[in-house]
Amino acid sequence: MHIAAIKAAFPHTLPIMAGFLFLGASYGVLMASKGFSFLFPMMTSLFVFAGSMEFALANLLLGAFAPLEAVFMALVINARHIFYGISMLDKYRAMGIKKLYLIFALCDETFSVVYQVEPPEGVDRGLFSLYISILDHSYWVIGATLGGIFGSLIPLGIKGIDFAMTALFVVILLEQILAGVKNLPSVLIGLLTSLCALLIFGPSDFLIPAMAFMLLALTALRRPIDSLMRKKGRDVS
Amino acid sequence: MNLLEMIVMIALVALTTMATRFAPFIIFKSDKAPPKFLGYLGRALPPAVFGMLVVYCLKSVSLLAFPFGLPELIGVVVVVCLHLIFRKMLVSIIGGTGVYLVLVNLVLI
């Protein structure tokens, strides 16, 4: 049962393997260049497992002891995870003890795959999601640890491998669009509110405003969107 | 900062991150029927969130300086075209990333 789940899960993690090994190694190399032992990138990758926050943490750790700033920054950068949780409430409902780890490891990339990809016939959704989560988590920890150990010895000369992550999200966004008209209003709202927030607030501060705009728009247009989603939803399922 | 203070900082970041991931599951326990609005959000949010994630990935691309976001634009177009033709996730991602890598490392440098 486990073997079948791993076999089904692994191919879906390949793009994430490329992206996470590379990004994780970049993070480890960055930590090493700032004088940290490899244990730091290893432990933060293991326990924080939120890429952009870990990069930000590298700078925080070099400054003065500022616990409130650390909490605030983590909230701002990671608040988007709340949306992933809301989206997975149903799919992760009856997962037993696995649920704790599944929620803990719900990063952007893992969320995208476990939300979008249906496990093949005969493979348990819980195990399928579990192995996708474990594999993604391991890639990140392995990348960060190796980067921390070998530092600048690791040749990271080729730039841009992390585009695999962008490509992953583009594919899943496209799948949302191909799934039918029912998703179109949401897709447009997501793109437009994020772009507006980006133009107004700039790249480092746009996430929270984008989330707020998105919630406002989805709330304001609830009636038409919901009836569209319910109507078309029946056709598909 | 001494080692203990660093560990406290890392632990706080880890706990805050976990809080953002666990919050919806803790607030909306499964034994009660979730509020209708939440059910709506569960359906309507994901397509919007994937839009946000694409923007998030491309947030630092500058359209005003060389290479004007061209590698990203071409990469995304290749991903979309491959996906419309083959509808195979891996093919689209590997193809698009490959083209992007060639562009940023060999062509538009």
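Source: prediction; values computed, not measured.

1. Here's the deal with the overall build of chain B
Moving on, step 1. Helices and strands together make up the secondary structure of chain B, namely four helices and zero strands.
Moving on, step 2. If you list the helices and strands of chain B from N to C, you get α-α-α-α.
Moving on, step 3. Computed over the C-alpha atoms, the radius of gyration of chain B is 21 Å, more than 25% above the 13 Å expected from 2.2 N^0.38 for a compact globule of 109 residues.
Moving on, step 4. For the C-alpha atoms alone, the extent of chain B along its principal axes is close to 55 × 50 × 30 Å.
Moving on, step 5. Taking all 109 residues of chain B together, the buried fraction comes to 41%.

2. Here's the deal with the packing of helix H10 (residues 184-201) of chain A against helix H2 (residues 36-57) of chain B
Moving on, step 1. At their nearest, the axes of H10 of chain A and H2 of chain B sit 7 Å apart, and the two run at 40° to each other. Looking at the two axes, H10 of chain A sits oblique to H2 of chain B. Here H10 of chain A and H2 of chain B pass one another in a crossing that is right-handed. Facing H10 of chain A, whose interface residues are Ser186, Val187, Gly190, Leu191, Ser194, Leu195 and Leu198 of chain A, H2 of chain B presents Ala44, Pro47, Ala48, Gly51, Met52 and Val55 of chain B.
Moving on, step 2. The class makeup of the residues in the contact of H10 of chain A with H2 of chain B is nine nonpolar, four polar and no charged.

3. Focus on unusual backbone geometry
Moving on, step 1. Cis geometry is adopted by the peptide bond preceding proline 67 of chain B, which originates at phenylalanine 66 of chain B and carries an omega value of 0°.
Moving on, step 2. The topology assignment puts proline 67 of chain B in the loop between H2 and helix H3 (70-86).
Moving on, step 3. A positive phi angle, near 45°, is found at phenylalanine 49 of chain A, a position not held by glycine.
Moving on, step 4. On the secondary structure map, phenylalanine 49 of chain A appears in the loop between helix H2 (39-47) and helix H3 (51-62).
Moving on, step 5. For phenylalanine 49 of chain A, a relative accessible area of 2% corresponds to the buried category.

4. Thoughts on helix H4 (residues 89-107) of chain B
All names here are of chain B.
Moving on, step 1. With 19 residues, H4 should cover 27 Å at 1.5 Å per step; its first-to-last C-alpha distance of 26 Å lies within 8% of that length.
Moving on, step 2. The complete set of buried residues in H4 reads Met89, Ser92, Ile93, Gly96, Thr97, Tyr100, Leu103 and Val104. Here the buried residues of H4 occupy an arc of 120° about the axis, which is enough to place them on one side. Of the exposed residues in H4, those oriented more than 90 degrees away from the buried face are Ile94 and Leu106.

5. Description of the environment of phenylalanine 86 of chain B
Moving on, step 1. One can find phenylalanine 86 of chain B in helix H3.
Moving on, step 2. The sequence separation of phenylalanine 86 of chain B and proline 24 of chain B amounts to 62 residues, and the corresponding C-alpha distance is 36 Å.

6. A look at the domain arrangement of chain B
Moving on, step 1. In terms of domain boundaries, chain B breaks down into domain 1 (1-57) and domain 2 (60-109).
Moving on, step 2. Its C-alpha centre places domain 1 of chain B at a distance of 30 Å from the equivalent point of domain 2 of chain B.

7. Examining the packing of aromatic side chains
Residues and elements named next belong to chain A.
Moving on, step 1. For the structure shown, the criterion picks out 15 aromatic pairs over all chains.
Moving on, step 2. Seen from their ring centres, tyrosine 84 and phenylalanine 111 are 4.4 Å apart, and the 10° between their planes marks the pair as stacked. On the criterion of sequence distance, the pair formed by tyrosine 84 in helix H5 (residues 81-88) and phenylalanine 111 in helix H7 (residues 108-116) is long-range, its members being 27 residues apart. For the residue pair tyrosine 84 and phenylalanine 111, the accessibility class agrees, reading buried in each case.
Moving on, step 3. Ring geometry for tyrosine 101 against phenylalanine 104: centres 6.1 Å apart, planes inclined by 40°, an arrangement best described as tilted.

8. Re the side chain of arginine 21 of chain B
Moving on, step 1. Structurally, arginine 21 of chain B is set in helix H1 (residues 3-27).
Moving on, step 2. It turns out arginine 21 of chain B is buried and unbridged, and the closest side chain with the opposite charge, aspartate 108 of chain A, is 6.5 Å from it.
Moving on, step 3. There is a polar contact of 2.7 Å between the side chain of arginine 21 of chain B and the backbone oxygen of phenylalanine 49 of chain A.
Moving on, step 4. Setting aside anything within four residues of it in sequence, one finds arginine 21 of chain B in contact with Val48, Phe49, Ala50, His81, Ile103, Phe104, Ala105, Leu106 and Cys107 of chain A.

9. Re the interface of chain A and chain B
Moving on, step 1. Of the residues lining the interface, 91 residues belong to chain A; the matching set on chain B comes to 63 residues.
Moving on, step 2. Taken over both partners, the interface formed by chain A and chain B buries close to 7100 Å², and the fraction arising from carbon and sulfur atoms is 80%.
Moving on, step 3. Run the count over chain A and chain B and you get two salt bridges.
Moving on, step 4. Across the pair aspartate 226 of chain A and arginine 43 of chain B runs a salt bridge, and its minimum N-O distance is 2.9 Å.
Moving on, step 5. Across the chain A-chain B interface, the total number found is 15 residue pairs in polar contact (both at pLDDT 80 or more).
Moving on, step 6. Looking at which element gives the most residues to the side of chain A that touches chain B, the answer is helix H9 (residues 163-178) of chain A, with 14 residues.
Moving on, step 7. Split into classes, the residues belonging to the side of chain A that touches chain B amount to 65 nonpolar, 17 polar and nine charged.

10. Section: the packing of H7 of chain A against H9 of chain A
Residue and element names in this part refer to chain A.
Moving on, step 1. For the pair H7 and H9, the least separation of the axes is 11 Å and the interaxial angle reads 30°. Taken together, H7 and H9 sit at an angle that is classed as roughly parallel. The hand of the H7/H9 crossing is left-handed. From H7, Asp108, Glu109, Ser112, Val113, Tyr115 and Gln116 reach across to H9, where they touch Met165, Leu168, Phe169, Ile172, Glu175 and Gln176.
Moving on, step 2. Of the residues in the contact of H7 with H9, the class split is six nonpolar, three polar and three charged.

Basis of the calculations
Residues numbered from 1 in each chain as written. Chains lettered and ligands numbered in written order. Predicted model: local features only at pLDDT ≥ 70, side-chain atom pairs only at ≥ 80, totals over all residues. Heavy atoms only, no water. Helix = DSSP H or I, 4+ residues; strand = E, 2+ residues; numbered from the N terminus. Rg over C-alpha atoms; globule rule 2.2 N^0.38 Å. Buried < 20%, exposed > 50% of the residue type's maximum accessible area, 1.4 Å probe, protein only. Axes fitted to C-alpha atoms, helices over the stretch in contact; angles between N-to-C directions. Parallel < 35°, antiparallel > 145°, perpendicular 65-115°, else oblique. Left-handed = near helix turned anticlockwise from the far one by under 90°. Contact = heavy atoms within 4.5 Å. Nonpolar A, V, L, I, M, F, W, Y, C, P; charged D, E, K, R; others polar. Expected span 1.5 Å × (residues − 1). Arc of directions from axis to C-beta. Domains from an automatic or database assignment. Phe/Tyr/Trp six-rings, centres within 6.5 Å; stacked < 30°, edge-to-face > 60°. Lys, Arg positive; Asp, Glu negative; His and termini not counted. Salt bridge = Lys/Arg side-chain N within 4 Å of Asp/Glu carboxyl O. Polar contact = N/O pair within 3.5 Å; in protein donor to acceptor, adjacent residues only side chain to side chain. Buried area = accessible area lost by both parts, 1.4 Å probe.

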